[in-house]
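# Coordinates in review
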Amino acid sequence: MLAVLLFGPPGAGKGTQAAAVAAASGVPHIATGDMFREHLRSGSELGRLARSYMDRGELVPDDVTIGMLEARLDQPDAARGFVLDGFPRTLDQASALDALLARRGTRVSGVLDIEVHGEELVRRLSGRMVCREASHPSHVTDAPPAVPGICDIDGSELYHRDDDHEDVIRNRVAVFEQETRPVREHYRELGTPIATIDGARERAEVEADVIAAVLALEDT
Ligand code: ADP
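The following paragraphs examine the structure supplied in this document. Just so we're clear, the structure is a prediction, and the values are computed from it rather than from any experiment. (Residues numbered from 1 in each chain as written. Predicted model: local features only at pLDDT ≥ 70, side-chain atom pairs only at ≥ 80, totals over all residues. Heavy atoms only, no water.)

## Observations concerning the overall build of the protein chain
In terms of helices and strands, the protein chain carries eight helices and eight strands. Taking 2.2 N^0.38 as the reference for a compact globule, 220 residues should give roughly 17 Å; the C-alpha atoms of the protein chain span a radius of gyration of 16 Å, in line with that estimate. Projecting the C-alpha coordinates of the protein chain onto the three principal axes gives extents of approximately 45 × 40 × 35 Å. Each of the 220 residues in the protein chain was classed as buried or not, and the buried ones make up 46%. Taking all contacts inside the protein chain whose residues are at least 6 apart in sequence as the whole, residues at least 24 apart take part in 72%. When the accessible surface of the protein chain is totalled, it reaches about 10600 Å², and 53% of it is carbon and sulfur. Computed over 24 positive and 38 negative side-chain charges, the inter-centroid distance for the protein chain is 1 Å. (Helix = DSSP H or I, 4+ residues; strand = E, 2+ residues; numbered from the N terminus. Rg over C-alpha atoms; globule rule 2.2 N^0.38 Å. Buried < 20%, exposed > 50% of the residue type's maximum accessible area, 1.4 Å probe, protein only. Contact = heavy atoms within 4.5 Å. Areas by Shrake-Rupley, 256 points an atom, 1.4 Å probe, with all protein chains shown as cover. Lys, Arg positive; Asp, Glu negative; His and termini not counted. Charge placed at Lys NZ, Arg CZ, Asp CG, Glu CD.)

Put into structure tokens, the structure is as follows:
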């Protein structure tokens, strides 16, 4: 069982690296942000509730988020493991995940901590576009699509997320520092392997480090 956490502030490149991590590890990529956006699109009650928090860059309440994630991890494709992106984002979420894994006789295999500092996060997110189909990210100047407005990977429409506007981005980064940063310390104290990766480099360089870190976890 491989339970990998992708950790890092909004804009660090977790979504960009997710496909490489999933390919290298052979387990599904599960992103809570994508799950909320899926609920939003389908017009579910959960989607409506999540939207009020997401639009302000706040966290969706733990009870909602934890329940949604636990149901997802019970799906058959996650039986051999998963790469989690955007969860856990609070210490209570981390405890819930640890308890769920303990019930399965296992624990978090490792944390990939992608670090990018300060203004670079704001710059990246304000220019980011994601696709409707699978949230594949592109960037207006850093990684423009071959055809404007169309995802290179699956051909679906690209759009600018409502929470990728400067004031909301700054709040998301502040919430990360306050609520999510302690999650890394929690796993450090548990002795979980943590790979710290400098995310402020070329995409391919970051990807090489991320893949190496996943393969090192699989060897243990
Ligand atoms: P980011 O690009 O900031 O990493 P995500 O797509 O992962 O964004 O998440 C977008 C929004 O969805 C968050 O700002 C938050 O409102 C909500 N969200 C996602 N994951 C969680 C979580 N684990 N707990 C609470 N809220 C979450």
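## Points about unusual backbone geometry
A cis amide bond, omega -5 degrees, links Phe87 with the succeeding residue Pro88. Relative to the helices and strands, Pro88 resides in the loop between strand 3 (81-85) and helix 5 (91-103). One non-glycine residue with positive phi stands out, namely Ser135, at about 60 degrees. With respect to the helices, strands and loops of the structure, Ser135 is situated in the loop between strand 5 (128-131) and strand 6 (137-139).

## Digging into the pairing of strand 4 (residues 110-115)
For strand 4, the tally of buried residues reaches six of six residues, placing the bulk of the element in the interior. Side chains Gly110, Leu112 and Ile114 of strand 4 all project onto a buried face; the interleaved residues Val111, Asp113 and Glu115 project onto the opposite face, where all are buried too. Pairing geometry for strand 4 and strand 8 (residues 194-198), over five bridges, is parallel. The residue of strand 8 that forms the bridge with Ile114 is Ile197. (Pairing = 2+ DSSP bridges.)

## Let's talk about the nonpolar core
Core analysis: the biggest nonpolar cluster contains 27 residues, and Ile30, Leu73, Phe82, Leu84, Leu97 and Tyr187 have the highest contact counts within it. Contributions of two or more residues to this core are made by strand 1 (2-7), helix 2 (32-42), helix 3 (45-54), helix 4 (62-73), strand 3, helix 5 and helix 7 (166-190). Considering every element that reaches this core, the biggest residue donor is helix 5, with five residues. With near-sequence residues (within four places) excluded, Leu73 lies in contact with Ile30, Ala78, Phe82, Leu84, Leu97, Leu100 and Arg104. Core analysis: the next-biggest nonpolar cluster, separate from the first, contains 22 residues, Val4, Val21, Val83 and Leu112 among them. (Core = buried A, V, L, I, M, F, W, Y, C linked by side-chain atoms within 4.5 Å.)

## Some points on the site of the ligand
Neighbouring the ligand are 19 residues, the closest being Thr32, Arg37, Glu58, Gly86 and Arg172. Note that a nitrogen atom of the ligand is positioned 2.8 Å from one of the backbone N or O atoms of Gly86. Within the side chain of Arg172, an N or O atom sits 2.8 Å from an oxygen atom of the ligand. Across the complex, the protein chains shield 96% of the 550 Å² of accessible surface that the ligand would expose by itself. Per-element accounting of the shell around the ligand gives the leading share, four residues, to helix 2. By residue class, the composition of the shell around the ligand is six nonpolar, five polar and eight charged. (Near = heavy atom within 4 Å. Polar contact = N/O pair within 3.5 Å; in protein donor to acceptor, adjacent residues only side chain to side chain. Nonpolar A, V, L, I, M, F, W, Y, C, P; charged D, E, K, R; others polar.)

## Side note on the sheet that holds strand 1
Read across the open sheet, the five strands follow the order 2-3-1-4-8; overall the sheet is parallel. Looking along the sheet, the strands with just one partner apiece sit at the ends: strand 2 (29-31) and strand 8. The mean inter-strand angle of the sheet, taken between neighbouring strand axes irrespective of direction, is 20 degrees. (Axes fitted to C-alpha atoms, helices over the stretch in contact; angles between N-to-C directions.)

Shape descriptors only; they carry no functional weight alone.
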